[in-house]
Amino acid sequence: MGPLDLAVFDLAGTTIDGGGGAVLRCLVETALRYDLSGSETELNALMGMNKREVFSLLAHQRFPQDGQTASQIASAALASFVAAMNAAYEQELTPIAGAEETFAFLRARGIKVAIDTGFDDAVGAPIMRRLDWPGRRIDLVVYSSDVARGRPAPYMIFHAMERLGALDVRRVMKLGDSPADLEEGHNAGCGEIIGVLSGSHTAATLSKYPHTRLIDSVADLPALFS
């Protein structure tokens, strides 16, 4: 493990485990409700992306010649998804085992810790309030609504670097459980891009995307420094 200034972690499936696959379940249920195309496998491939962009993509696939209707359906679907996610996390919201200890391990070594997420602040902010992580466990949270485009665009990583004073992206580590996380790290030029297997994707899937290593969980990260 080379020198690091900043570690950027994904949220759902990487550092929190809420509702037993709540994100994918809510995506599937919302797509069905609005008659948007996409099997569970296809929607799983979109995990980690900005959910506004996901529903816009699905709606414009359904209404390729009617942008106004597509936009209306996308907005309605997003609102339903946000409500479903907030309800799911009200019932169950638990940090991944060892995540908070990993944050403390990194910060004790002078490595700043940020969360970035495909959720916008309507879903992400209530999660952060309930966990009480910002300022206590982590240095910063970046929502997809904070930047012009979500993953796989690198802008959330760059936003975290700007806010936390990190100058060299080669000294930034990105960790996440989805292909979009790994592509985000690659597009940013991160020195470490680590896929974790605690979410909805297998090693066989994640190994097809840019990465420096795969680990079972963020709890395994400190061992890489020994």
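Structural data are supplied above this passage.
Notes on the structure in this doc start here. On a predicted model such as this, the values are computed, not experimentally measured, just so you know.

### What to know about unusual backbone geometry
1) Next: Along the chain, Arg151 connects to Pro152 via a cis peptide bond; the corresponding omega equals 5°.
2) Next: Summarising the element assignment, Pro152 is placed in the loop between strand E5 (140–143) and helix H7 (155–164).
3) Next: Even without being glycine, Asp35 reaches a positive phi, approximately 55°.
4) Next: With respect to the secondary-structure elements, Asp35 resides in the loop between helix H1 (22–33) and helix H2 (40–44).
5) Next: Its identity as a non-glycine residue notwithstanding, Asp132 has a phi of 60°, on the positive side.
6) Next: Within the secondary structure, Asp132 is located in the loop between helix H6 (121–131) and E5.

### Topic: empty space enclosed by the protein
1) Next: The full count for this structure, using the stated rule, is two cavities of 30 Å³ or more.
2) Next: Estimates place the volume of the largest cavity at around 100 Å³.
3) Next: The residue inventory of the lining of the largest cavity, partitioned by class, reads five nonpolar, four polar and five charged.
4) Next: Taken together, Asn50, Lys51, Arg52, Leu78, Phe81, Val82, Gly118, Phe119, Asp120, Val123 and Ser144 make up the full set of residues lining the second largest cavity.
5) Next: Mapped by element, the contributors of at least two residues to the lining of the second largest cavity are helix H3 (51–62) and helix H4 (67–91).
6) Next: For the lining of the second largest cavity, the leading source of residues is H4, giving three residues.
7) Next: Among the residues forming the lining of the second largest cavity, the class breakdown is five nonpolar, three polar and three charged.

### Here we look at the pairing of E5
Within a regular strand, the side chains alternate between the two sheet faces.
1) Next: The two faces of E5 match: Leu140 and Val142 on one face and Val141 and Tyr143 on the other face are all buried.
2) Next: Both strand E4 (residues 112–117) and E5 contribute to a ladder of four bridges, which runs parallel. If you follow Thr117 over to E5, its bridge partner there is Tyr143.
3) Next: The parallel pair E4 and E5, bridged by H6, forms a crossover whose chirality is right-handed.

Scoring rules and cut-offs
- Residues numbered from 1 in each chain as written.
- Predicted model: local features only at pLDDT ≥ 70, side-chain atom pairs only at ≥ 80, totals over all residues.
- Heavy atoms only, no water.
- Helix = DSSP H or I, 4+ residues; strand = E, 2+ residues; numbered from the N terminus.
- 1 Å grid on protein atoms, 1.4 Å probe; cavity = no way out; pocket = protein on both sides within 12 Å on 5 of 7 lines; lining within 4 Å.
- Points joined across faces, edges and corners; volume = space filled by probe spheres on them.
- Nonpolar A, V, L, I, M, F, W, Y, C, P; charged D, E, K, R; others polar.
- Buried < 20%, exposed > 50% of the residue type's maximum accessible area, 1.4 Å probe, protein only.
- Pairing = 2+ DSSP bridges.
- Right-handed = clockwise from strand over helix to strand, strands pointing away.

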